[in-house]
Amino acid sequence: MKKALLAATVAASALTATLITAPAANAGDRSAIPFTEAAVTAGADGSFTLEWKAPGTRRVEVKANGRVVAKGGAQGRAVVTGLPAADRQWFDFKPQHGQGLRLADRLVKLEGTANFRDAGGYRTSTGQWVRMGEVYRSDALDKLTPNDLAKLQRLHVRTVFDLRMEDERTKDADKVPAGAAYVVADVFAGSGSFRTMPRTPDEAVKAMVDAERAMVSGAGGKKAYTQVLEGIERDRARSVLFHCTAGKDRTGWAGAALLTALGVPRQTVEADYLASNDYRRAANDAILSHLPAQQAAVYKPLLDVRPEYLNAGYDEVRATYGSFDRYLKDGLGIDARELKQLKKDLLVG
């Protein structure tokens, strides 16, 4: 498969975003945060839909810009309109008792990307939540506009990890916000694979599965994901951004590895991974619409993210390392101290 076809080319398209939530934890959960679910969904009309579940709590207030915009009980839903324009609109979910949550819509709308989103906002199996506004994931940055770059600077993006190969970086060089460090973390560095174009849909699926496995056990993948996770752990001046071309495969595994390391349940990680299909739908449809039907059938698996792709990564972890903890330690060199610090920095509750 040609290198460029490991990920779809970027076509800017802003889509409505939903903050995917984790399933309720076990009854023995002692988290200080009573919310088992919470969501912020931005509407195309400028409205925001807020939803939450906080069992055992009688009252919940939600504030935006310092004022109460919604109230309810242990379970609630509200549509908020008329808020002033902002780079990101934040909402503070405050329960009657316990620690609150600060959430925003997952998608960061930029003129030059389709799949730029927050990697946080998920609930762990212990009832903690991953902070938002700390780590972002994206598709390619070569089409960022001056307005985009200014917004990323205001969002305090301090470090950018580029997961792409050399020819991708040369052809479509990143644009990064002023003052941000740019780090090459080439997942497929030195790999001679993925150069033959698949001829059938089945061959395309196999190529994607093989690529996912190589991300886990290949030398380039191990080095690149070590750079990303250690970079996130060490960077006290976040925000950190990692990206590839479409923000779905190499970036998808980076996101999955981070969330899994933080203790987010597998089904939540998968939902986050598969969300690229929604964010990139318009861009992918545009690509496929210009191809003959037979060729489009071969390309579609290359543009998709599918459970079997992500599962191949986890299967490779199990086959090579035995467990995800061993993958972190032996594959990526993330020791117990670093993992503890990562959780301390990125989890609340």
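Look a little higher up for the structure.
Residues numbered from 1 in each chain as written. Predicted model: local features only at pLDDT ≥ 70, side-chain atom pairs only at ≥ 80, totals over all residues. Heavy atoms only, no water.

J.: Which residues make up the sheet that holds strand β10 (residues 135-138), and what values go with them?
T.: Here we have five strands laid out as an open sheet, ordered β8-β10-β13-β11-β12, and mixed in their pairing. The open sheet has two edge strands, β8 (117-118) and β12 (181-184), and neither has a second partner. Strand direction decides the pairing type here: strand β11 (residues 159-162) and β12, joined by four bridges, are parallel. Looking across to β12, one finds that Asp 162 is bridged to Val 184. (Pairing = 2+ DSSP bridges. Helix = DSSP H or I, 4+ residues; strand = E, 2+ residues; numbered from the N terminus.)

J.: Go over the side chain of Asp 235, please, and point to the residues and values.
T.: Mapped onto the elements of the fold, Asp 235 is located in the loop between α4 (219-234) and β13 (240-243). Buried Asp 235, no salt bridge; nearest opposite-charge side chain is Arg 238, N-O distance 6.2 Å. At a separation of 2.7 Å, a polar atom in the side chain of Asp 235 contacts the side chain of Thr 159. (Buried < 20%, exposed > 50% of the residue type's maximum accessible area, 1.4 Å probe, protein only. Lys, Arg positive; Asp, Glu negative; His and termini not counted. Salt bridge = Lys/Arg side-chain N within 4 Å of Asp/Glu carboxyl O. Polar contact = N/O pair within 3.5 Å; in protein donor to acceptor, adjacent residues only side chain to side chain.)

J.: Give a detailed account of the packing of helix α8 (residues 281-289) against helix α9 (residues 293-303), specifying residues and quantitative values.
T.: A pair of packed helices is captured by two measures, namely the crossing angle of their axes and the spacing between those axes. The geometry of α8 relative to α9 is characterised by a closest axis approach of 10 Å and an angle of 160 degrees between their N-to-C directions. On the basis of their axis angle, the class for α8 and α9 is roughly antiparallel. Between α8 and α9 lies a crossing whose hand is right-handed. Within the contact between the two elements, α8 uses Asn 284, Ile 287 and Leu 288 and α9 uses Ala 296, Tyr 299, Lys 300 and Leu 303. By residue class, the composition of the contact of α8 with α9 is five nonpolar, one polar and one charged. (Axes fitted to C-alpha atoms, helices over the stretch in contact; angles between N-to-C directions. Parallel < 35°, antiparallel > 145°, perpendicular 65-115°, else oblique. Left-handed = near helix turned anticlockwise from the far one by under 90°. Contact = heavy atoms within 4.5 Å. Nonpolar A, V, L, I, M, F, W, Y, C, P; charged D, E, K, R; others polar.)

J.: Can you lay out the pairing of strand β4 (residues 67-72) for me, pointing to particular residues and giving the numbers?
T.: Where strand β3 (residues 60-64) and β4 come together, five bridges link them in antiparallel fashion. Each residue of the ladder has a partner; that of Val 60, found in β4, is Gly 72. From the end of β3 to the start of β4, which pair antiparallel, there are two residues, and Asn 65 there has a positive phi angle of about 55 degrees.

J.: How would you sum up the sheet that holds strand β7 (residues 101-104)? Please name residues and give values.
T.: Ordered in space as β4-β3-β6-β7, the four strands form an open sheet in which the pairing is antiparallel. Both outer strands of the open sheet, β4 and β7, are each paired with one neighbouring strand and no more. Between one strand axis and the next, the sheet turns through 25 degrees on average, direction left out of account. Here four bridges tie strand β6 (residues 90-95) to β7, and the two strands are oriented antiparallel to one another. Within β7, the position partnered with Phe 93 by the bridge is Leu 101.

Note that all results are geometric; they support no functional claim without further evidence.
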